[in-house]
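# Structural description and commentary
Each chain, written out:
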There are 2 protein chains.
Amino acid sequence: MSPDSNLSFAAPSASKAELEEGTAFTPRFDEHGLIGAIVTDAQGGGVLMFAFMNAEALRLTIETGEAHFYSRSRKSLWKKGETSGNVLRVRELLTDCDQDVLWVKVELQGEAACHTGRHSCFYRRVEADADRVALEFVTR
Amino acid sequence: MSPDSNLSFAAPSASKAELEEGTAFTPRFDEHGLIGAIVTDAQGGGVLMFAFMNAEALRLTIETGEAHFYSRSRKSLWKKGETSGNVLRVRELLTDCDQDVLWVKVELQGEAACHTGRHSCFYRRVEADADRVALEFVTR
């Protein structure tokens, strides 16, 4: 798909069957115009990060094959890796049954998907014992 | 952790360093009191589903070792598999850098994590060619 395709997304069908069993891609953006995107490593399979896309970020992701997101804190579109170089090349893009979440399988250019410099944003596990819960750093 | 632990979650620190590099688990629930949970198959590694938890669902998930969620449409807590039998046994629970998303690795009891009867909710891939985008069913 060329970057000047002017791709736009049709409104979701009111029919649950069409939404769940159809072949029309009608992403369900939330009240802020955003849809969540789960990003996993196409090689290792683990979850790298979770971020939001607006329609423009989703369009650019599809058109360029590189993941774009929308920052809720900065209120702006961003291309992942634009400054860090850690670009996410999209290998596969899926949506779920009711089309309100995306799963983006990527090939990470560079080492770190997380802004902390770590491979994945999920570097701490929730550990519970007796009546205490805390985070524990995972090494992988 | 016993089911009568009365586990509660402390408010997130205003310090970014503490939030990102600390060991205190302070989940950042959104304005609706919810936090997103990415559910993956502890065996196969793929994403099974994405749903939301409120503090009560998260507490029950930690205490019982079985995934609980909060349904935004039904406005109620639900234990996954309560009616279908497809219970999700939690193998590992992680959070991300800024603690506003959870990653739940589960062992699926039964065949289907999706209410459509499929193993995963992500059974359609977004395919783009020329200037058309559509969904394609994946078989795996």
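So, here's what we can say about the structure. (Residues numbered from 1 in each chain as written. Chains lettered and ligands numbered in written order. Predicted model: local features only at pLDDT ≥ 70, side-chain atom pairs only at ≥ 80, totals over all residues. Heavy atoms only, no water.)

The next point concerns the relation of the copies chain B and chain A. Taken as rigid bodies, chain B and chain A are interconverted by a rotation of 180 degrees and an axial shift of 0.0 Å, the fit giving an RMSD of 0.0 Å. Overall, the copies show the geometry of a two-fold rotation axis. Nearest to the rotation axis, the C-alpha of G45 of chain B is located 3.0 Å from it, this being the minimum over chain B. Comparing interface residues between copies, 100% of those in chain B also sit at the interface in chain A, which points to an isologous, same-surface contact. (Least-squares fit on C-alpha atoms with pLDDT ≥ 70 in both. Contact = heavy atoms within 4.5 Å.)

Here the focus is the pattern of salt bridges. All names here are of chain B. Across all of its chains, the model carries 25 salt bridges over all chains by this definition. A salt bridge links R28 to D98; the nearest nitrogen and oxygen atoms lie 3.4 Å apart. Separated by 70 residues along the polypeptide, R28 in the loop between α1 (16–21) and β1 (35–41) and D98 in the loop between β5 (88–95) and β6 (101–108) bring together distant segments of the chain. For D98, a relative accessible area of 22% gives the class partly exposed. Residue R89 pairs with E66 through a salt bridge whose shortest N-O separation is 3.3 Å. With R89 in strand β5 and E66 in the loop between α2 (55–64) and β3 (68–71), this residue pair connects regions lying 23 residues apart in the sequence. Classification of R89 as partly exposed rests on a relative accessible area of 27%. (Salt bridge = Lys/Arg side-chain N within 4 Å of Asp/Glu carboxyl O. Helix = DSSP H or I, 4+ residues; strand = E, 2+ residues; numbered from the N terminus. Buried < 20%, exposed > 50% of the residue type's maximum accessible area, 1.4 Å probe, protein only.)

As a further point, take unusual backbone geometry. Most peptide bonds take the trans form, and the phi angle of most residues other than glycine is negative. Residue and element names in this part refer to chain B. The residue K75 is not glycine, and still its phi comes out positive at about 50 degrees. Here K75 is to be found in the loop between β3 and β4 (76–79). The phi dihedral of Q99 is positive, around 55 degrees, even though this residue is not glycine. Take Q99: it is sitting in the loop between β5 and β6. Here Q99 falls in the buried class, since its relative accessible area comes to 0%.

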